[in-house]
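# Analysis of the macromolecular model
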Amino acid sequence: MIKPGVDVRGIQPEILLARIIAGEIFARYGVACIITSALDGKHSKNSKHYTGQAIDLRTRHMDARLWPVVAEELNKALGPQYDVVLESDHIHVEHDPK
Ligand SMILES: [Zn+2]
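All of the points below concern the structure found in this document. These figures come from a predicted structure and were not determined experimentally.

### Focus on the environment of isoleucine 35
- As for its position among the elements, isoleucine 35 is in strand 1 (residues 35–37).
- Looking at isoleucine 35, the relative accessible area reads 6%, which means it is buried.
- Sequence spacing of isoleucine 35 and valine 6 is 29 residues, and the spatial spacing of their C-alpha atoms is 7.7 Å.

### Brief notes about the pattern of salt bridges
- According to the stated counting rule, one finds six salt bridges in the structure shown.
- The partner of arginine 28 in a salt bridge is glutamate 73, with the nearest N and O atoms 2.4 Å apart. Taken together, the positions of arginine 28 in helix 1 (residues 13–28) and glutamate 73 in helix 2 (residues 66–78) put the pair 45 residues apart, joining distant regions of the chain.
- The exposure class assigned to arginine 28 is exposed, which follows from its relative accessible area of 57%.
- In this structure glutamate 73 comes out as partly exposed when scored by relative accessible area, which is 22%.

Procedures and definitions
- Residues numbered from 1 in each chain as written.
- Predicted model: local features only at pLDDT ≥ 70, side-chain atom pairs only at ≥ 80, totals over all residues.
- Heavy atoms only, no water.
- Helix = DSSP H or I, 4+ residues; strand = E, 2+ residues; numbered from the N terminus.
- Buried < 20%, exposed > 50% of the residue type's maximum accessible area, 1.4 Å probe, protein only.
- Salt bridge = Lys/Arg side-chain N within 4 Å of Asp/Glu carboxyl O.

In structure tokens form, the structure reads like this:
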């Protein structure tokens, strides 16, 4: 799912792939995987959101105890080419090959 108003124009295939995998993980916990930001919104100056290499995923619809669990599972599933960051109100996922 995509939150109304989110701009996904220019999203990169690597992030689409991450969203597919995230969907599988969220589904294990019976919750929807909702994109709350892609190329829209305000982010830090050099944010990968602006190049379509990052998305934010909603967390507020699930138990707060699950947030770090889901973030860690996603981090493991995506591997070293991605960064997964649990923020206060979302999970930030970016493609960042080293
Ligand atoms: Zn973000």
